[in-house]
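# What the coordinates show
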Amino acid sequence: MADGSRQKAAVEARSRPARSVKKERQVAVSPMNRRIRNTSNILNERDERPGGIMKDKSMVHSMAKTQPVSERQTVRLEDLTRPISIKNNAEIQAAVEIQNRLQKKMARNSERRRKMTHASETTAQNRTQERIDFVEFANKHYHIDYLQNGVHKMRYSKEEYENIIYEAQTIFSSEKALVDIDPPCVVVGDLHGQYNDLINMFILLGRPPETVYVFTGDYVDRGMMSLECIMLLFTYKICYPEHIVLLRGNHEIARVNKKYGFYDECLQSIPKYGEEIWAMFQRCFNNLPISALIATKILCMHGGLSPSLITLDDLRNHPKPIRNPFRGIVNDMLWADPDPAVFEWKTSARGSGFVFGTNVIDDVCARLDVELIVRAHQMCFDGYWVVSGKKLITIFSAPMYCNLYKNAGCVLKVDDELGIQMVAFVPESPKVEQVIEEKNRVWDFSFDNIE
Ligand SMILES: [Mn+2]
């Protein structure tokens, strides 16, 4: 190598990448440090820790922006591609009230259907259904007092925790490890306790059952409002089990969420019963499905692929509950990461699961007859990452991750014909918007133009 080019390479290596490496190291430790330092003022209204989306009012507007899409999709989704201008509390409240009315109407219909199809359910279950009005419980989360900047912890009673975890667990245990689902739907990546961003998404894209969702796991840990995230999602699962799929992430494992924030949050937020409720959550998590299959063509999971994934039926019929997965197909699918530079399989630096290359993605897609793999698990600055070949997409749905990254959050919309669109939640930063605009050109595709 000539001296000049070596020097140039050294300069390049020293400048930008070095800074970003340093930043990543900081991020790896500081969320926890911040948590510990700030435990005394959980209810501080101006709190800027994760969980709080709206640093100021203008941010509500900026996060409502969605990305330009192809013409076909623009027509189909015109309400989404128009910038939504929720500027003040009154406007948010009006939007919420319309949704609340719709919600009640749909709940009445769904309740009627449920009564017709499950007329012979046990009386015990009917009794708990009477004790808590689950739809009302979910709607409470959209009360204007909570739709504000910062961290606003909900207070749930012990009975609410017990009822909701119990009912949700009953439903999860009746689901297969691979759940089949029909489009249209929205696939969501990591949330990590960023409850305000979750609420923001429900307000903008619609709540279940109006919109069907597939969540790919990592609801808890890191952020400050894991309990609110998981309680709201479980409630929707109870009310509309067909309209929301909750997959398991690597943080829905006891040994992980004991360490990275959820356990501490339970102890702090639930006086006396924190430990007990945390354990109940773990038993429930053990029943979560691992993977979802949209119209037999789009396979979703939290982490990625496993060398043990031979047929879809193997996965579908995998027994549950799965307590503390350590190795094998389930553990791999919760932990794996793609890497185009890897030839086939490599052990992972995470210490669990594998790293897999593009030829593995091609092989698996051909063998299982799926066209696309959607997974989460890795932070991306523009909210998503398309692996070359367009057969695997990473989505990450926690914008401003831990309030330390200036990343966008992204969800993936799948329409009736399996056309795909990204909806980005953009934090207030011109740099982020520019990055997303650039990448969006790469992104725009449907199955029609994949050969
Ligand atoms: Mn993860």
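Residues numbered from 1 in each chain as written. Predicted model: local features only at pLDDT ≥ 70, side-chain atom pairs only at ≥ 80, totals over all residues. Heavy atoms only, no water.

## Some remarks on the overall build of the chain
Along the chain, the regular secondary structure elements total 18 helices and 14 strands. If you sum the accessible surface of the chain, you get close to 20,500 Å²; carbon and sulfur atoms cover 51% of it. (Helix = DSSP H or I, 4+ residues; strand = E, 2+ residues; numbered from the N terminus. Areas by Shrake-Rupley, 256 points an atom, 1.4 Å probe, with all protein chains shown as cover.)

## With respect to the pairing of strand E5 (residues 291-294)
Both faces of E5 are covered, namely the face carrying Ser291 and Leu293 and the face carrying Ala292 and Ile294. Pairing of strand E1 (residues 178-181) with E5 involves 4 bridges; the strand directions are parallel. For Val179, the partnering residue across the bridge sits in E5 and is Ala292. Bridge count between E5 and strand E6 (residues 298-301): 4 bridges; the pairing is antiparallel. (Buried < 20%, exposed > 50% of the residue type's maximum accessible area, 1.4 Å probe, protein only. Pairing = 2+ DSSP bridges.)

## As for the UniProt feature "domain: Serine/threonine specific protein phosphatases" (unreviewed entry) in the chain
When the UniProt feature table is mapped to this numbering, "domain: Serine/threonine specific protein phosphatases" (unreviewed entry) covers residues 247-252. For the annotated span residues 247-252, helix accounts for 0% and strand for 0% of the residues, and the straight-line distance between the end C-alpha atoms is 9 Å. (UniProt positions renumbered as here; feature names shortened; annotations may be inferred.)

## What to know about the coordination of the manganese ion
Taken together, Asp218 (OD), Asn250 (OD1), His302 (NE2) and His377 (ND1) make up the full set of protein donors to the manganese ion, lying 2.2 to 2.3 Å away. When the donors of the manganese ion are listed by position in the chain, the intervening gaps give D-x31-N-x51-H-x74-H. In this pair, Asn250 sits in the loop between strand E4 (244-246) and helix H12 (254-257) while His302 sits in the loop between E6 and helix H15 (312-316), placing the two residues 52 residues apart along the sequence. You'll find Asn250 and His302 in the same group, each marked buried. (Donors = N, O, S within 2.8 Å, 3.2 Å for Na, K, Ca; no water.)

## Focus: the nonpolar core
Counting residues in each nonpolar core, the largest one holds 63 residues, and the members touching the most others are Met201, Phe202, Phe215, Phe234 and Phe281. Here Phe202 is in contact with Gln99, Tyr142, Arg207, Pro208, Tyr213, Phe215, Leu232, Leu233 and Tyr236, once residues within four sequence places are set aside. Formed by 29 residues, the second largest nonpolar core is a distinct cluster that contains Met301, Ile322, Trp335 and Ile361. (Core = buried A, V, L, I, M, F, W, Y, C linked by side-chain atoms within 4.5 Å. Contact = heavy atoms within 4.5 Å.)

## Details of the packing of helix H13 (residues 262-269) against helix H14 (residues 274-285)
It is the contact of H13 with H14, at a shortest axis distance of 8 Å, that shows an interaxial angle of 140°. Taken together, the axes of H13 and H14 lie oblique to each other. For the pair H13 and H14, the sense of crossing is right-handed. Each of Phe262, Tyr263, Cys266 and Leu267 in H13 lies in contact with H14, whose residues at this interface are Gly274, Glu275, Trp278, Phe281, Gln282 and Phe285. Within the contact of H13 with H14, the residues separate by chemical class into 7 nonpolar, 2 polar and 1 charged. (Axes fitted to C-alpha atoms, helices over the stretch in contact; angles between N-to-C directions. Parallel < 35°, antiparallel > 145°, perpendicular 65-115°, else oblique. Left-handed = near helix turned anticlockwise from the far one by under 90°. Nonpolar A, V, L, I, M, F, W, Y, C, P; charged D, E, K, R; others polar.)

## Some points on the UniProt feature "active site" (unreviewed entry) in the chain
When the UniProt feature table is mapped to this numbering, "active site" (unreviewed entry) covers His251. Relative to the helices and strands, His251 resides in the loop between E4 and H12. A residue is classified by how much of its surface remains accessible, and His251, at 5% relative accessible area, is buried. Apart from residues no more than four positions distant in its own chain, His251 is found in contact with His192, Asp218, Val220, Asp221, Arg222, Val256, Asn257 and Tyr260.

## Points about the pattern of salt bridges
Tallied over the full model, the rule gives 12 salt bridges. A salt bridge links Asp337 to Arg350; its shortest N-O distance comes to 2.6 Å. Note that Asp337 is positioned in strand E7 (residues 337-338) and Arg350 in the loop between strand E8 (345-347) and strand E9 (354-356), a separation of 13 residues in sequence. The class for Asp337 is buried, based on a relative accessible area of 7%. Put simply, Lys153, Glu228 and Glu265 are held in one network by salt bridges that share partners. (Salt bridge = Lys/Arg side-chain N within 4 Å of Asp/Glu carboxyl O.)

## A closer look at the sheet that holds E6
Strand pairing in a sheet is mediated by backbone hydrogen bonds. Such pairs are either parallel or antiparallel. Ordered by their spatial adjacency, 6 strands build an open sheet running E1-E5-E6-E10-E12-E11, and the pairing between neighbours is mixed. Both edges of this open sheet fall to E1 and strand E11 (384-387), since each of them pairs with a single strand only. Direction aside, neighbouring strands of the sheet carry axes that sit 20° apart on average.

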